[in-house]
Amino acid sequence: KAIPPTKHFLPDGGTDRGVDQGDASIAEEGLRDIHGAPYGPAIEEGVSTVMASFSSWQGVKMTGNRSLLTGVLKERMDFGGFVVSDWNAHGQVEGCTNDACPQALLAGIDMYMAPDTWKPIYESLLAQAKAGEIPMERIDEAVASILRVKLRLGLFDGPLRGQAGPP
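Residues numbered from 1 in each chain as written. Predicted model: local features only at pLDDT ≥ 70, side-chain atom pairs only at ≥ 80, totals over all residues. Heavy atoms only, no water.

1. Some thoughts on the nonpolar core
- Core analysis: the biggest nonpolar cluster contains 31 residues, and Phe9, Met62, Leu69 and Tyr112 have the highest contact counts within it.
- Of all elements in the fold, only α2 (39-44), β3 (49-52), α3 (66-76), α4 (102-107) and α5 (118-130) reach the threshold of two or more residues within this core.
- Ranked by the residues each element gives to this core, the list is headed by α3, at four residues.
- Once residues lying within four places of it in the same chain are set aside, the contact partners of Tyr112 are Ser85, His90, Cys101, Pro102, Ala104, Leu105, Ile121 and Leu125.
- Residues Met51, Phe82, Val84 and Val149 belong to the second largest nonpolar core, which totals five residues. (Core = buried A, V, L, I, M, F, W, Y, C linked by side-chain atoms within 4.5 Å. Buried < 20%, exposed > 50% of the residue type's maximum accessible area, 1.4 Å probe, protein only. Helix = DSSP H or I, 4+ residues; strand = E, 2+ residues; numbered from the N terminus. Contact = heavy atoms within 4.5 Å.)

2. Points about α5
- Here α5 spans 18 Å end to end across 13 residues, near enough to the 18 Å set by a 1.5 Å rise per residue.
- Considered for burial, the residues of α5 that qualify are Ile121, Ser124, Leu125, Gln128 and Ala129. Projected down its long axis, α5 shows its buried positions confined to an angular sector of 135 degrees, all on one face.
- Elements that come into contact with the buried residues of α5 comprise α4 and α6 (136-152).
- Looking at the residues trailing α5, positive phi occurs at Gly132, about 80 degrees. (Expected span 1.5 Å × (residues − 1). Arc of directions from axis to C-beta.)

What follows is the structure, given as structure tokens:
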């Protein structure tokens, strides 16, 4: 069964003064017990995708927060799907632009939502991988996460399997 994506990991509704895409300076307990509460049950029910928030926690943009995306979501919570960024959210990560942001991939983003900047982000990630700045293991992990979800959803089954697109 297909379960809709779960978003926005984490703490989208807890930013200071309710500022959109802002910072949440809340304690770890509030982050976990209030804002993180829905994610455990969603993972247990088989959610396949989690979208990272535009927001920050204690000054670190979620799209670049390795501790929470990889350490908590993927490792501690055993999330087996893939993590997608929000619309060009990688461009808000410290040291990044919409055109270049290896930090997001290294933090645990598996798929960039970059509908209008896909080509520059692709080209920069490819160049960084070739230069050894991004470990192949991390690229393999991201690709495997995406392919596992596609397999689970049956996207490689049926009459369209192997077709490159419309005739």
